[in-house]
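Examination of the molecular architecture
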Amino acid sequence: MKHSRVIIIIILSVFFSCKNGIKTSDNTATKESISKPINAITPNSKKQQEPLELLTKVQFNDFFPDYLGSNKRYNIFVMASEALATASYGDFKDTFNYSLTDGIKNTAVVKNFELSYTSDLKGPEGTEYIKMERDGYKTIAFLQPKINRYSIEFIYDNRFKLVIEGSEHPDVLWTYVKKSDLQKLDSY
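Residues numbered from 1 in each chain as written. Predicted model: local features only at pLDDT ≥ 70, side-chain atom pairs only at ≥ 80, totals over all residues. Heavy atoms only, no water.

Let's shift gears to the overall build of the chain. Counting its regular elements, the chain contains seven helices and eight strands. As displayed, the chain offers around 10300 Å² of accessible surface, 55% of which is attributable to carbon and sulfur atoms. (Helix = DSSP H or I, 4+ residues; strand = E, 2+ residues; numbered from the N terminus. Areas by Shrake-Rupley, 256 points an atom, 1.4 Å probe, with all protein chains shown as cover.)

Aromatic ring pairs are reported here in terms of the distance separating the ring centres and the angle at which the planes meet. Applying the stated criterion to the full structure yields eleven aromatic pairs. Judged by centre distance (5.6 Å) and plane angle (65°), the rings of Phe-63 and Tyr-98 are edge-to-face. Within this pair, whereas Phe-63 is found in helix 4 (residues 57-63), its partner Tyr-98 is found in strand 4 (residues 95-102), the two being separated by 35 residues in sequence. Put simply, the rings of Tyr-137, Phe-154, Tyr-156 and Trp-174 touch in pairs and so form one group of aromatic residues. (Phe/Tyr/Trp six-rings, centres within 6.5 Å; stacked < 30°, edge-to-face > 60°.)

Reading across from one edge, 1-2-3-4-8-7-6-5 is the order of the eight strands in this open sheet, with antiparallel pairing throughout. Every other strand in the sheet has two partners, leaving strand 1 (67-68) and strand 5 (128-134) as the edge strands with one partner each. In the sheet, strand 7 (residues 149-156) pairs with strand 8 (residues 160-166) via seven bridges, with the strands oriented antiparallel. Its bridge partner lying in strand 8, Tyr-150 is registered against Gly-166. Here helix 5 (residues 108-118) sits on the sheet and contacts strand 4, strand 5, strand 6 (137-144), strand 7 and strand 8; the angle it forms with strand 6, its principal contact strand, is near 70°. Along the sheet face, helix 7 (residues 179-186) touches strand 4, strand 6, strand 7 and strand 8 and points at about 40° away from the line of strand 7. (Pairing = 2+ DSSP bridges. Contact = heavy atoms within 4.5 Å. Axes fitted to C-alpha atoms, helices over the stretch in contact; angles between N-to-C directions.)

This next bit is on unusual backbone geometry. Phi at Ala-83 takes a positive value of approximately 60°, unusual for a residue other than glycine. Considering the arrangement of structural elements, one finds Ala-83 in the loop between strand 2 (71-79) and strand 3 (84-90). For Asn-158, which is not glycine, the phi torsion reads 55° and is therefore positive. Within the secondary structure layout, Asn-158 lies in the loop between strand 7 and strand 8. Among the residues examined, Asn-158 registers a relative accessible area of 6% and is labelled buried. (Buried < 20%, exposed > 50% of the residue type's maximum accessible area, 1.4 Å probe, protein only.)

Before going further, it helps to spend a moment on helix 7. When we look at burial in helix 7, the residues that qualify are Asp-181, Leu-182 and Leu-185. For helix 7, the arc enclosing every buried residue in end-on projection is 95°, short of the 170-degree limit, so these residues lie on one face. In this structure, the buried residues of helix 7 make contact with helix 4, strand 4, strand 6, strand 7 and strand 8. (Arc of directions from axis to C-beta.)

Within this structure, the stated rule accounts for eight salt bridges. In this structure, Lys-122 engages Asp-120 in a salt bridge whose closest nitrogen and oxygen atoms are separated by 3.6 Å. Judged by relative accessible area, which is 68%, Lys-122 ranks as exposed. For Asp-181, the salt bridge is made with Lys-184, and the minimal N-O distance between the two is 3.6 Å. Of this pair, Asp-181 and Lys-184 both sit in helix 7, three residues apart, which is roughly one turn of that helix. With relative accessibility at 29%, the residue Lys-184 sits in the partly exposed group. (Salt bridge = Lys/Arg side-chain N within 4 Å of Asp/Glu carboxyl O.)

Okay, structure coming up:
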């Protein structure tokens, strides 16, 4: 449990520090960057022409599956006002976290991912970043084999940042990303 709290605190501190970095404006360039898809997964539709609204607490809760692989969900922490939710899976000895951030309120979420993807990421000794395209999505995996912790993150529909973190290699963590779960986000 202590490890989960530390991870949630780290996620929140990164989120709040990024929130102050880039302010949302009403200029055309910002609106265009929100509506342009990074991945050609979702075709242009009426949805993109309608005003986008921040996910509600109910929508955040509905997104997360009951299981991540064979790991049962036991908690969901939602900060709807900050457009962030994290679901915890597994047990207290081996916890997996699945986070969803809605970038509609804070466009820095998507921009920071893109900057990270194009930069030369260096972690502490014994860690590694792997940037690669998986199923049409740009992904960044962070490997920490010494402590048996791994994560993989990506952007969906140029709006949502998703991160799965746990004790399994990013190739396995990626298998937990289900198209049916992502399609729930298309209706929001």
